[in-house]
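An overview of the molecular structure
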Amino acid sequence: MLSSSTRSVVSSQLKRVARNHAAAATKATGHYNGSGRCRFHDGSQAPLFGAALFSSGPHPSASGEAQPAFSSYEYPTRTEAPEITTTLASETETGKAKPKERNKVYHPTMDPFDDAGSLSEEDRARSREEHAEAMASIEMSSFPIGLAAPEFVPPNVPSGELEVPETLVTTLDNGIRVVSQETYSQMCTIGVLSSVGSRHEEVEGTMHLLETMAFGSTEKYQGPEITQMLQDWGATRFVSHSREQSLHCVDILRPNVEKGMELLSQVVLEPLITGAPQEVEYAKEVMAFQAQEQIPELVLGEALQVAAYGADQQLGKAHFATAESIPLLEARGVEDFYGKNIKGNPGGIVVAGAGISHDELVGMAEEHFSTMEQSHSPATLPSTYRGGHSIVEKPATESVYQPMLPEEDQCRVALAFPVGGWHSDTMVTACVLQTLLGGGSSFSAGGPGKGMYSRMYQQVLNRYGWMESAEAFTTFADEGGLFGVSASTAVPSKVPELVAILADQLASVAIHPVGDLELSRARNMLRCNVLAQLESRLILFEDMGRQVLTYGRREDAAKTCAKIEAVTAGDIQALAVDMLRNHPPTLVATGSHADRAPDYGEVSRWFR
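Residues numbered from 1 in each chain as written. Predicted model: local features only at pLDDT ≥ 70, side-chain atom pairs only at ≥ 80, totals over all residues. Heavy atoms only, no water.

**Some points on the packing of helix H11 (residues 427–437) against helix H14 (residues 516–533)**
- Relative orientation of the contacting elements H11 and H14 amounts to 110 degrees, with a least axis distance of 9 Å. The orientation of H11 relative to H14 falls into the category roughly perpendicular. Counted together, Cys431, Val432, Thr435 and Leu436 of H11 and Glu518, Leu519, Ala522, Arg523, Met525 and Leu526 of H14 form the full contact between these two elements.
- Of the residues belonging to the contact of H11 with H14, the class tally is seven nonpolar, one polar and two charged. (Axes fitted to C-alpha atoms, helices over the stretch in contact; angles between N-to-C directions. Helix = DSSP H or I, 4+ residues; strand = E, 2+ residues; numbered from the N terminus. Parallel < 35°, antiparallel > 145°, perpendicular 65-115°, else oblique. Contact = heavy atoms within 4.5 Å. Nonpolar A, V, L, I, M, F, W, Y, C, P; charged D, E, K, R; others polar.)

**Concerning the sheet that holds strand E11 (residues 349–354)**
- Strand order in the open sheet formed by six strands is E6-E7-E11-E8-E10-E9, and the pairing between neighbours is mixed. The sheet is open, and its two borders are formed by strand E6 (168–171) and strand E9 (236–241), each paired with just one other strand. Adjacent strand axes in the sheet meet at a mean angle of 15 degrees, parallel and antiparallel pairs treated alike.
- As defined by bridge partners, strand E8 (residues 187–194) adjoins strand E10 (residues 246–253) across eight bridges and the pair is classed as antiparallel. When the sheet's bridge partners are listed, Gly191 is paired in E10 with Cys249.
- Relative to the sheet, helix H6 (residues 257–269) contacts E8, E10 and E11, its axis offset from that of E10 by approximately 160 degrees. (Pairing = 2+ DSSP bridges.)

**Observations concerning the side chain of Ser194**
- By the secondary structure assignment, Ser194 is in strand E8.
- The class for Ser194 is buried, based on a relative accessible area of 2%. (Buried < 20%, exposed > 50% of the residue type's maximum accessible area, 1.4 Å probe, protein only.)

**Topic: the pattern of salt bridges**
- The tally for this structure, following the rule as stated, stands at 20 salt bridges.
- A salt bridge links Arg546 to Glu542, with the nearest nitrogen and oxygen atoms 2.8 Å apart. With Arg546 and Glu542 both in helix H15 (residues 537–551) and four residues apart, this pair spans about one turn of that helix.
- If you follow the salt bridges from partner to partner, you end up with Arg199, Glu244 and Glu479 in one network. (Salt bridge = Lys/Arg side-chain N within 4 Å of Asp/Glu carboxyl O.)

**Some details on the environment of Thr489**
- With respect to the helices, strands and loops of the structure, Thr489 is situated in strand E16 (residues 481–489).
- As for Thr489 and Gly465, which are separated by 24 residues in sequence, their C-alpha atoms are 9.6 Å apart.
- Beyond its immediate sequence surroundings of up to four residues, Thr489 is in contact with Gln410, Cys411, Trp466, Glu468, Lys494, Val495 and Leu498.
- Reaching out from Thr489, the side chain makes a polar contact with the backbone nitrogen of Val491 at a distance of 3.2 Å. (Polar contact = N/O pair within 3.5 Å; in protein donor to acceptor, adjacent residues only side chain to side chain.)

**With respect to the sheet that holds strand E12 (residues 388–393)**
- Across the sheet, which stays open at both edges, the six strands sit in the order E12-E17-E13-E16-E15-E14 with mixed pairing between neighbours. Strand pairing shows two members of the sheet lacking a second neighbour, E12 and strand E14 (439–441), which therefore form its edges. On average, each strand axis in the sheet is inclined to that of its neighbour by 20 degrees, with strand direction left out of account.
- Direction of pairing for strand E13 (residues 411–419) relative to strand E17 (residues 586–591): antiparallel, over a ladder of six bridges.

**With respect to a nonpolar patch on the surface**
- A cluster of nonpolar residues, Val157, Leu162 and Tyr184, forms a patch on the protein surface that exposes about 220 Å² of accessible area.
- Structurally, Leu162 is set in the loop between helix H3 (121–136) and E6.
- Leu162 sits in the partly exposed class, given a relative accessible area of 34%. (Patch = residues over 30% accessible without salt bridge, like charges linked within 9 Å, V, L, I, M, F, W, Y side chains within 5 Å. Areas by Shrake-Rupley, 256 points an atom, 1.4 Å probe, with all protein chains shown as cover.)

**A look at the nonpolar core**
- The biggest cluster of nonpolar side chains holds 53 residues, and the ones touching the most others in it are Val413, Leu415, Val432, Leu437, Met467 and Ile572.
- Of the residues forming this core, the biggest block, nine residues, is contributed by helix H13 (residues 495–511).
- Among the nonpolar cores identified, the runner-up in size contains 49 residues, and Ile176, Val192, Leu329 and Ile342 belong to it. (Core = buried A, V, L, I, M, F, W, Y, C linked by side-chain atoms within 4.5 Å.)

**Topic: unusual backbone geometry**
- Unlike most non-glycine residues, Tyr184 shows phi in positive territory, near 60 degrees.
- With respect to the helices, strands and loops of the structure, Tyr184 is situated in the loop between strand E7 (177–181) and E8.
- A positive phi angle, close to 60 degrees, is found at Phe215, a residue other than glycine.
- Positionally, Phe215 belongs in the loop between helix H4 (206–213) and helix H5 (223–232).

Next comes the structure, spelled out in structure tokens:
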């Protein structure tokens, strides 16, 4: 099979050949019709390329003229050669010019759909009645289009008269926090976040199963019924469970927001688990397929967490279920975990909304979630960074993606060190350093904000052609995080050099202070990314919910940008020195030829 790069080269060559043939055919008194065939003055047609490249010779048509031979490339669904005939336009009745008809003028009392004008007034009246009855039988879930604007649409006023949107937070009597910000749009995003993640689970894969089953059957609605309701309401659902938090949200048309909140309360408070054994088994089948077909980037990230913290600590637990852990998941145990840690923990719940008034959101939260009572809080045991190494070989079973993804033969390597977590003073510094190093894949469309001037592009990807990707990354948790660099290559002999290049990039930041221009570009790019992301209603919703869940408040974008601007070259160098000098590294290699990675002891000595 041709690779994607080879196919693009062949395609461009064929297009160039076609253009050349078209130009030559036009000069030969023919006319090119843009469809890969040339039409001559006598009405006959000939291919420019395609069948001519793959066929062995001509075959006669019904008129006796030589035609291109049958080609399975040009007609892949036919079992025999098609009969190709040509007809001049002048030989057909439709080709004769017709006198121009006068445009029909409709009077206000006429039905514009009666083009022939053959219906009587009685027929028209009866047709209108039948149409009205048919429309009335359709259950409209949204408001019909009329001359007057619906009451829920705010009046059009100058932007200067609108209140400046601000983030508001209210705590209900049972401990649930409600946070919102108005956006003055006709869509709103509402959702529920919980301070429970895979680090709190007792059986590996519990949160993965709950995420797979989310928005399934509840005490009130069946799964297919929920899907149909979301479609009728103009809504989209999103679910995301991580190591520390879980999220359920709905992006919905503003008139239907109350219906969406009622559905969210069912999904969060009344999901069927033991009451829907078929859905549990189906979810486990989906998880088994995901475990087999996990994308390489996820495999690398999971192996990094386990190597950095150890599987015996909460942050080192596997987030995704494995083939070994899926059979251990039982509906009763999952339901008990959910009821105890989420339904019984309103103090760890945040109801968030973007594009909705705060009073309205608080009222709906009180209506649907005020019955929750605090009975349990999940135990969060701090994890300590250890460092280590891990090699994850390519799965022995052949992937269904393998024929389409030749990059599966690549070796991916990550080298990481510990940094502070969400509450650390160096978190913003780590984010600026990540932006400064930047990086990405070997192919990029470029343009503003693509990081083409970052170090990993200029000093790695643009210098080493065998490098497929190279980028810096960060992961944060409550008590700590990881900062590192990762890269991939399909050349086995280059794996040791790849690790040395990654180590050199980290060491250079600790040894040499970054320049003013480079630092200014990184800070500006990070601020641009923050502000651009917050233009999205979904990102705004998630940012508010996660900040209140983590800090108990939300820091606005102005303060965040001020912190970014305050980062100095000395801050970055001090962070890099602390990472490399005071902590052991974490080295992970996954995919093909992962055993070519240097010995962990050797890599550790590079930083001593």
